[in-house]
Amino acid sequence: MTLPLWLIPALPLAGFLLNGLVALLNGWRRAAKTTAEWRAANPDDHGHDDHAHGHDDHAGADHGHDAHGHGPSGPFLPYGERLFHGVVGVLSVGLAAVVAFANLVPYVLGSLATEGGLAPVIQTAYRWMAAGHVTVDLAFRLDALSAMMIAFVTFVGLLIHVYSVGYLQDEEGYGRYFAYLNLFMFAMLTLVLANSLPVLFIGWEGVGLCSYLLIGYYYEKDFAHAAGKKAFVTNRIGDFGMVLGIFGILALFGTTDFSFVDLAKQGAMNGHAPLGVYAVCLLLFLGAVGKSAQVPLYVWLPDAMAGPTPVSALIHAATMVTAGVYLVARCSAVFVLAPDAMTLVAWIGALTAVLAATIGLAQNDIKKVLAYSTVSQLGYMFLACGVGAFGAGMFHVFTHAFFKACLFLGSGSVIMAMHHEQDMRAMGGLGKRIPKTFLTMMFATVAIAGIPPLAGFFSKDQILGAAFGAGHPVLFAVGLFTAGMTAFYMFRLARMTFYGEFRGPKGAEAHVHESPATMTVPLVVLAFFSVVAGFLGVPEVLGGKNRFIEFLAPSLAVAHPHHVTHLTEWILMGLSVAVATAGIVLAWRWYGQRGATAEVPSAPANAFYLKSGLLGRLVENRWFVDEGIEAGVLAPFRKIGTFLWRGFDSLVIDGVINASAFLVELTGDLFRFFTTGNVRNYALSFTLGVLAFAFYVFLR
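Residues numbered from 1 in each chain as written. Predicted model: local features only at pLDDT ≥ 70, side-chain atom pairs only at ≥ 80, totals over all residues. Heavy atoms only, no water.

### A few points about the packing of aromatic side chains
Two aromatic rings, taken as a pair, are described by how far apart their centres are and by the angle between their planes. Counted by the stated rule, this structure contains 27 aromatic pairs. On the numbers, 6.3 Å between centres and 65° between planes, the contact of F488 with Y591 is edge-to-face. Of the two residues, F488 is situated in helix α19 (residues 473–498) and Y591 in the loop between α22 (566–590) and α23 (603–612); the sequence distance between them amounts to 103 residues. For the pair shown, F488 and Y591 are each scored as buried. For the ring pair W590 and F608, a centre distance of 5.5 Å and an interplane angle of 45° mean the geometry is tilted. Residue W590 is located in helix α22, and its partner F608 is located in helix α23; the two are separated by 18 residues in the primary sequence. Here W590 falls in the buried class, since its relative accessible area comes to 18%. What links up through ring pairs into an aromatic cluster is the set F152, F155, F395, F398, F402, F528, F529 and F548. Here the basic side chain of R236 rests over the ring of F232, its NZ or CZ set 4.2 Å away from the ring centre. (Phe/Tyr/Trp six-rings, centres within 6.5 Å; stacked < 30°, edge-to-face > 60°. Helix = DSSP H or I, 4+ residues; strand = E, 2+ residues; numbered from the N terminus. Buried < 20%, exposed > 50% of the residue type's maximum accessible area, 1.4 Å probe, protein only. Lys NZ or Arg CZ within 6 Å of the ring centre and 35° of its normal.)

Laid out in structure tokens, this is it:
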């Protein structure tokens, strides 16, 4: 018997409420104490300005990521408070993971032992709304796709919570951070367990809210709250399409629960679709483009680095950005009815993959390299879905969660060891100083580069093979080129960070230290899964049965077969490994050489940059995409808004209202002369009025 599915998101929600309430109460208590101490020290001065100044002095220590990373030099909160918030935050997610695995383990084993898999488990909490023949229940669904998602969301999310205990232990906002992190887990688990699009949309908007809160965690910093606002506003564009897409699904199938997937499968093989299906697919994909940071709405994700590093890991590996790929996979039966829409999905994914990879080549901030890497890998996932290989795309979602979480958390360990320095040009030779971080990040780096037999090799090569087998040689070539760039910029990161000579400030190397066990243990676990997770989907050509994709098959549509001969598969795999190896060798030869400095960490790379001309400048400046959006979209809208405000609103609307008020006032002023209070004047006015009326009647 399965445990209630609603418990899985409910437990992190309880953690959010408990952590948030305690953080608020303790914050109010400390504020009251601070105010009382100030008043005791300033008995004769109760002016508002001076009081505000006194409060600013108390808060004068900069706790932002930009200056000190984690606040003051010592713990800001008492040990008991930090222990409470850490235990509640980790325990709530840990219990959710226990409930999740208690449900999914028997379901997975039963599905693998049953031909065609087990039927979905659907549990209804209550009737949410009903209108005519349309009903929406708050119901949760456990099938192959949701089982896969909650497996890594809860597991990786738990490791990130454990890591956060050590990484943010000196933070002033420790309780607020864990409250937001718990809320993030609640939203994502609601999203992946939902049995209908409206319930999914609750989680969809929830992760958008939490990303805003956590990216802007250091809200006193301009760059942080600007990045949070950018993420929130950009995602609203996609969410507009998502809402319209939900209404479109309702119009097409008469329901918004996922029974519409079965209805769509009944017509999945006719190869034709009415215009409405194309429109719905494009609208849903617009929502996915915003949430999963695809061209042109990817610009928010690199700026999401403004939040604490564990937040970056959670967003990039286990939550938010995977939601768009999940949505396309969940609605795959509808997408296969619109082949042209799927082609657009594939090309957007390919364009995003190669564009972000080129930008990653020139980034020097260690987290920015990983951010553009995430955008590029998400493009791979959409490329897979666009060519009909939904299973391969979701397999890459699964493997990517482990090595990308390991890389981000490892970068956080590096940043902490470097006392919050993020520029790789000021690093070098750290491998011997932080060996655990070094080894775990190297495993994850090899995995994302696609080197066998680590996890990234299996999932990436299945995507490339599917693109080739589906008759898209250009998409295959783009994916192959991107794989080479991925290997290059990831080993560039490793070489500049861990090898060669230290390029930071003089004497700083002596203070570099390994992170505590709360941070290194999650890294070891994630590195382990970065190595072994791919063995769940070993293809037949390598002697496996690809049990992962076989397990997911009942939840996904089949667009068309992607069969290639075993010889072709061997050639494709050899080609991808050769390209990745070439990228690794080039990065290894260019970076980490003796004599490198912070200004010129690689003489060969610098010489290549000087010869690259305009192309090099474009890559270095991220293709001026942000500047183009500012000039082509935001600036015109600001001008339109200013015109509507100062021109139309102030002159026309306010002018009409003010003119009518002036006329009323003028009329009152005129009639005021006749209001004298003298009875004889009123009698005269009455008599003149009667005479005028009589004259009018006489003339008629």
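### A short note on the side chain of N26
Locating N26 in the fold gives a position in helix α1 (residues 7–41). Within the local environment of N26, its side chain forms a polar contact with the side chain of E81, the two groups lying 3.4 Å apart. (Polar contact = N/O pair within 3.5 Å; in protein donor to acceptor, adjacent residues only side chain to side chain.)

### Re the confidence of the model for the protein
Confidence along the protein averages 89 in pLDDT terms, with 94% of residues attaining 70 or more. For the protein, per-element mean pLDDT is lowest for helix α2 (residues 48–58), which scores 42, and highest for helix α17 (residues 435–449), which scores 97. Below a pLDDT of 50 lies the segment residues 47–75, which in the model reaches 48 contacts outside its immediate sequence neighbourhood of four places, other chains included. (pLDDT = per-residue confidence, 0-100. Contact = heavy atoms within 4.5 Å.)

### Remarks on the nonpolar core
Inside soluble globular proteins, nonpolar side chains tend to come together where they are buried. Counting 189 residues, the largest nonpolar core has F152, Y298 and W300 as its most contacted members. With 17 residues, the top contributor of residues to this core is helix α16 (residues 390–417). Residues Y380, I463, A470 and L572 belong to the second largest nonpolar core, which totals 18 residues. (Core = buried A, V, L, I, M, F, W, Y, C linked by side-chain atoms within 4.5 Å.)

### Quick word on the pairing of strand β2 (residues 134–142)
With 7 of 9 residues buried, β2 is to be regarded as a mostly interior element. If you look at the hairpin formed by strand β1 (residues 121–131) and β2, you'll find 2 residues sitting between the two strands, and G132 has a positive phi there, around 65°. (Pairing = 2+ DSSP bridges.)

### Re the pattern of salt bridges
Within the structure shown, the criterion is met by 15 salt bridges. When the shortest N-O distance is used, the salt bridge between K460 and D461 registers 3.8 Å. Across the salt bridge formed by R547 and E550, the nearest N and O atoms sit 3.5 Å from each other. In this pair, R547 and E550 are both assigned in helix α21 (residues 547–552), 3 residues apart and thus about one turn of the helix distant. What makes R547 partly exposed here is its relative accessible area of 35%. Among the residues examined, E550 registers a relative accessible area of 41% and is labelled partly exposed. (Salt bridge = Lys/Arg side-chain N within 4 Å of Asp/Glu carboxyl O.)

### Some remarks on helix α9 (residues 275–291)
Taking 1.5 Å per residue, 17 residues should reach 24 Å; α9 reaches 25 Å between its end C-alpha atoms and fits that length. Burial in α9 covers these residues: V277, Y278, V280, C281, L284, F285, G287, A288, V289, G290 and K291. Looking one or two places after α9, you find A293, whose phi comes out positive at around 55°. (Expected span 1.5 Å × (residues − 1).)

### Some details on a nonpolar patch on the surface
The grouping of V633, L634, F637, I640, F643, L644, F648, L651, V652, I653, V656 and I657 at the surface amounts to a nonpolar patch, some 1,200 Å² of accessible area in total. Considering the arrangement of structural elements, one finds I657 in helix α25 (residues 625–672). (Patch = residues over 30% accessible without salt bridge, like charges linked within 9 Å, V, L, I, M, F, W, Y side chains within 5 Å. Areas by Shrake-Rupley, 256 points an atom, 1.4 Å probe, with all protein chains shown as cover.)

### Remarks on unusual backbone geometry
Of note, the amide linkage connecting V295 to P296 takes the cis form, showing an omega dihedral of 5°. Turning to its location among the elements, P296 is positioned in the loop between α9 and α10 (300–303). Cis geometry is adopted by the peptide bond preceding P453, which originates at P452 and carries an omega value of 5°. Among the structural elements, P453 can be located in the loop between α17 and α18 (455–469). Although it is not a glycine, N546 adopts a positive phi angle of roughly 50°. Within the fold, N546 resides in the loop between α20 (517–532) and α21. Phi at F624 is positive, roughly 55°, even though this residue is not glycine. Within the element layout of this structure, F624 appears in the loop between α24 (614–620) and α25. We classify F624 as partly exposed; its relative accessible area is 36%.

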